[in-house]
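Structural overview for review
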Amino acid sequence: MNLLSLFRRGSAPVARERLQILLAHERETRSQPDLLGVLREEILAVIARHVAFDPDKVQITMDRGSTVSTLAVDIEIPNRRRASGAASQQLSQLAFTAKTATARSQWTNGLV
Amino acid sequence: MSEGKSGRVVVVTSGKGGVGKTTSTASLGAALAHLGEKVVVIDFDVGLRNLDLVLGAERRVVFDLINVINGVAKLPQALIKDKRLEHLFLLPASQTRDKDALTEEGVAKVIAELRTKFDWIVCDSPAGIERGATLAMRHADSAIIVTNPEVSSVRDSDRIIGLLDSKTEKAERGECVDKHLLITRYHPWRAARGEMLSIDDVLEILSIPLIGIIPESEEVLRASNVGSPVTLNAPLSAPAKAYFDATKRLKGEQIPMHIPSESRGLFNKLFGRKAA
């Protein structure tokens, strides 16, 4: 508000940078379907074909960056090795991370 | 009404609500009429009409756009002639909640008829990207995108620009809607201190040509309080001058752009109260 503000940098440059990153992404994906969304659905469908898992135990996180976006899918899969055993159920975890370089729209993915 | 005109359709749109679409529609419409053009302003905000209120015609609404589309009223019956400007007319929106009554064919017919009777058809779009907004832009020859220098408004404007480039009649014919950026509620001193996106920031991000910068002003609020567009109510005020300049640019005149500047004294700068 006063003399103090001379020592504080305005927040407009932050606003500008955030908008530039966001809009670069939104403009690119405007015409095409939501690539990360489609991938998420298809990955889950493939896993569900082979193993049963609880949809509530699926963690999906997404991080959109300026050049690389990351989609991480963590699926908790119950292990039923011995259905008769008392403490038989163990858990294993399956995790996928998919990355996309937004600038080139190319996909690289790897199993974590 | 004289027939045989071929009016230009302009949509005033933004995506985000509350940025000044209705105020700008009223101000630009009144400015065009003041400059001798024959103008109709149409409210597309079915269920939440406000253009009548801003123009001071709220007690004169008998028929509305939906009535015309449904055939309940003829177009000339629904048009409200402004009491101050002889060339300014309003086609109000319906206050009923039935948005489905706004049909694509109906709107097309109304716009086609208005084109033959007016020089300018200014469509005040509702906020959002739903039916009302897409129908308001559907037949546009040009678009005025009203944007505040603020992140959510800029983002929504970008989205609307995308729709103008894909969902309009012109876009579907492979042509391009003329797009103009109108920056409203601009605080020069906030931009100068880096607290608000600057004109250059917004222009660089949206990359469409600028048609005007409307400074934040109490005159704009005062004008809507009394139901008279600022270009009529306080024609010499800074926002009215900015709207008049924008109007002339819309008509194709070359007017140098005036960027509102810091007008506070040294005392205020140092110990600052907000001047605006």
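What comes next is a walk through the structure. (Residues numbered from 1 in each chain as written. Chains lettered and ligands numbered in written order. Predicted model: local features only at pLDDT ≥ 70, side-chain atom pairs only at ≥ 80, totals over all residues. Heavy atoms only, no water.)

Residues and elements named next belong to chain B. Summed over the entire model, instances satisfying the criterion amount to one aromatic pair over all chains. Arranged with centres 5.4 Å apart and planes meeting at 70 degrees, the rings of phenylalanine 89 and phenylalanine 118 form a pair that is edge-to-face. Here phenylalanine 118 lies in the loop between helix H5 (104-115) and strand S5 (120-124) and phenylalanine 89 lies in strand S4 (residues 88-91), a separation of 29 residues in the sequence. Lysine 38 extends its terminal NZ or CZ atom over the ring of phenylalanine 118, reaching a point 5.2 Å from the ring centre. (Phe/Tyr/Trp six-rings, centres within 6.5 Å; stacked < 30°, edge-to-face > 60°. Helix = DSSP H or I, 4+ residues; strand = E, 2+ residues; numbered from the N terminus. Lys NZ or Arg CZ within 6 Å of the ring centre and 35° of its normal.)

Our next topic: the nonpolar core. All names here are of chain B. Among the nonpolar cores identified, the biggest contains 51 residues, and Val40, Ile42, Phe44, Leu91, Leu102, Leu114 and Ile121 are the most heavily contacted of them. Ranked by residue count, the leading element in this core is helix H7 (residues 151-164), at five residues. Apart from the residues lying within four places of it in its own chain, the contact partners of leucine 102 are Phe44, Val46, Leu65, Ile66, Ile69, Val107, Arg131, Gly132 and Leu135. Formed by 34 residues, the second largest nonpolar core is a distinct cluster that contains Leu32, Val39, Leu88 and Ala246. (Core = buried A, V, L, I, M, F, W, Y, C linked by side-chain atoms within 4.5 Å. Buried < 20%, exposed > 50% of the residue type's maximum accessible area, 1.4 Å probe, protein only. Contact = heavy atoms within 4.5 Å.)

Residue and element names in this part refer to chain B. This model, assessed by the stated rule, comprises one cavity of 30 Å³ or more. Estimates place the volume of the largest cavity at around 40 Å³. Along the walls of the largest cavity sit Thr23, Ala26, Ser27, Val54, Val220, Ala223, Ser224, Ser228, Pro229 and Val230, which together make up its complete lining. Of all the secondary-structure elements, those providing two or more residues to the lining of the largest cavity are helix H1 (21-34) and helix H11 (218-226). The residue makeup of the lining of the largest cavity, split by class, is six nonpolar, four polar and no charged. (1 Å grid on protein atoms, 1.4 Å probe; cavity = no way out; pocket = protein on both sides within 12 Å on 5 of 7 lines; lining within 4 Å. Points joined across faces, edges and corners; volume = space filled by probe spheres on them. Nonpolar A, V, L, I, M, F, W, Y, C, P; charged D, E, K, R; others polar.)

Running from amino to carboxyl end, helix H1 (residues 12-30) of chain A crosses H7 of chain B at an angle of 25 degrees, the nearest separation of the two axes being 10 Å. One way to sum up the angle between H1 of chain A and H7 of chain B is to call them roughly parallel. Both H1 of chain A and H7 of chain B take part in a crossing whose hand is right-handed. Of H7 of chain B, the residues touching H1 of chain A (which contributes Ala15, Leu19, Leu22, Leu23, Glu26, Arg27 and Arg30 of chain A) are Val151, Val154, Arg155, Asp158, Arg159 and Gly162 of chain B. Partitioning the contact of H1 of chain A with H7 of chain B into residue classes produces six nonpolar, one polar and six charged. (Axes fitted to C-alpha atoms, helices over the stretch in contact; angles between N-to-C directions. Parallel < 35°, antiparallel > 145°, perpendicular 65-115°, else oblique. Left-handed = near helix turned anticlockwise from the far one by under 90°.)

Right, let's get into the packing of H7 of chain B against helix H10 (residues 199-206) of chain B. Residues and elements named next belong to chain B. Look at H7 against H10: their axes get within 10 Å of each other, and the N-to-C directions meet at 35 degrees. Of the two possible hands of crossing, H7 and H10 adopt the one that is right-handed. Between H7 and H10, the residues in contact are Val154, Ser157, Asp158 and Ile161 and Val202, Ile205 and Leu206, respectively.

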